[in-house]
Amino acid sequence: MSILLTHPCPSPTPGGGPLPLTNSLILLGEGRTLGQEMRNKRPHSEEAAQTCFWPIRITSKLPDTMVHFTTEEKAAVASLWAKVNVEVVGGESLARLLIVYPWTQRFFDSFGNLYSESAIMGNPKVKAHGRKVLNSFGNAIEHMDDLKGTFADLSELHCDKLHVDPENFRLLGNMILIVLATHFSKEFTPQMQASWQKLTNAVANALAHKYH
Amino acid sequence: MAPADRAAVLALWRKLGTNVGIYTTEALERTFVAFPSSKTYFLHLNLSPGSAQVAAHGQKVADALSLAVNHLDDLPGTLSYLRELHTHKLRVDPVFFKLLCHCLLVTLARHYPGDFSPNMHASLVKFLNHVISALAPSSG
C-alpha cells in the first residue's frame, strides 16, 4: 500500500525552521515515522523547496489489521516453543495469573482450593487448564498468519459464555512471558521477548475480536 | 502496602544491592525492542544496544525506585518532583510506565528465577503499581 501526500510549503518559517510534518511521530510501521520519511524525502535545494506543492509518495506499508510476523520472529518463537514443557509453563502461567491478579479467580470457581500460593500452584485443575491454554498457543504458533480465524470460536466462547474482559488475555500473555523468562534466562533475549510479546498481544487481540 | 509485601520487596532490593541500575537499564532496552513506539520519549539519546546514555537513564530510574522502596509510606510525596517532570514537562503516556514495569519484571524473573515466586511477583506488581500511581495519578 502506498499513500501520496501533498504538503504545501508554507512561506519559509522565520529562521528556516522545520516544516511541521517533518516532526511528525505518526507511525508508518516497521518503526519508521512520517517525520523521518518526510525528512528523508524533502527537496534538497531551497529553490525546489520554495515550489508551491511538494509531493511525497510514501511507499511503505501503513499498519494493517492483520499482524505480520517476520521470518526471524517466527523462527525465534518456534525455537523456544520446541523447548517448552507445556504442562509446566501452562500451569505456572495460569497459577501466576490467579495469584498476581486475584480477581481472575472468579472465572475458576469450580476449581476448588485457590486460597493460597501453594494451593493454587498445586491445584490439579489449574495445571490442567493451564496446559489447555498453552496448547492453544501451540496452535497459534502453527497459524501465525491467521490468528483471528484460528481463535474465532474461542473468542465467541470467552465473550458470550464466559464474559471475560479482554484485558485479562493480555495479562495472561504477560504471565507466559515472565514464566518463559524464569525457565529460559539465556534464550530470552530482548529480541526473543519482542517476538513472543508480539505473539501474545496478537493472540489477545484475536480472542477479543468477536466481542460485541 | 501490606507488611508481607513490603518485607518481600525490601528483601529483594537488599539482594539486588548496587545492581539495580543494571536491571533497570536492561528493562529500558527490552522496552525499546518489544514496544518500539516507546522510543519516542528518548529520540535525543543514542538508543543502540549498550548505549551509555541509556545506562545513565537506567541508573536514574534505579535511584528513583530505590528511593521509593525506602519511602513506601509516602510515595506521592516522595515522588512528587518526578510526577511534575513526567506529567507536565515530559508528558509521558502512563501506558509507557506499565510497559517499562512489565519489562523490569521480565528482567528480574530472568536474573533471579529462584527468588521470583508467584508471591514475590505479586508483591512487586503491587509496589510498581503504587509507584506508577504516584508518578501518574490520572492513570487509574
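Let us look at the structure shown here. Note that the structure is a prediction, hence the values are computed from the model and not measured.

Rules and cut-offs
Residues numbered from 1 in each chain as written. Chains lettered and ligands numbered in written order. Predicted model: local features only at pLDDT ≥ 70, side-chain atom pairs only at ≥ 80, totals over all residues. Heavy atoms only, no water. Phe/Tyr/Trp six-rings, centres within 6.5 Å; stacked < 30°, edge-to-face > 60°. Helix = DSSP H or I, 4+ residues; strand = E, 2+ residues; numbered from the N terminus. Buried < 20%, exposed > 50% of the residue type's maximum accessible area, 1.4 Å probe, protein only. Lys NZ or Arg CZ within 6 Å of the ring centre and 35° of its normal. Contact = heavy atoms within 4.5 Å.

**Focus: the packing of aromatic side chains**
Taken as a whole and judged by the stated rule, the model has nine aromatic pairs over all chains. On the basis of an interplanar angle of 65 degrees and a centroid distance of 5.2 Å, the ring pair of B:F32 and B:F42 is categorised as edge-to-face. Here B:F42 lies in the loop between α2 (20–34) and α3 (52–69) and B:F32 lies in helix α2, a separation of ten residues in the sequence. The class of B:F32 is buried, set by a relative accessible area of 5%. One aromatic cluster is present, formed by B:F32, B:Y41, B:F42, B:F96 and B:F97 through successive ring pairs. In this arrangement the basic side chain of A:R106 is found over the ring face of A:F107, its NZ or CZ atom lying 5.6 Å from the centre.

**Some points on the side chain of A:S195**
Positionally, A:S195 belongs in helix α10 (residues 190–208). With near-sequence residues (within four places) excluded, A:S195 lies in contact with A:F69, A:E73, A:A76 and A:V77.

**Regarding unusual backbone geometry**
One can expect most non-glycine residues to show negative phi and most peptide bonds to be in trans. Backbone geometry places A:H163, a non-glycine residue, at a positive phi of 55 degrees. One can find A:H163 in the loop between α8 (152–161) and α9 (167–183). On the accessibility criterion, A:H163 (57% relative accessible area) is exposed. One non-glycine residue with positive phi stands out, namely B:R91, at about 50 degrees. As for its placement among the helices and strands, B:R91 is situated in the loop between α5 (80–89) and α6 (94–111). Of the residues examined, B:R91 reaches a relative accessible area of 65% and is grouped as exposed.

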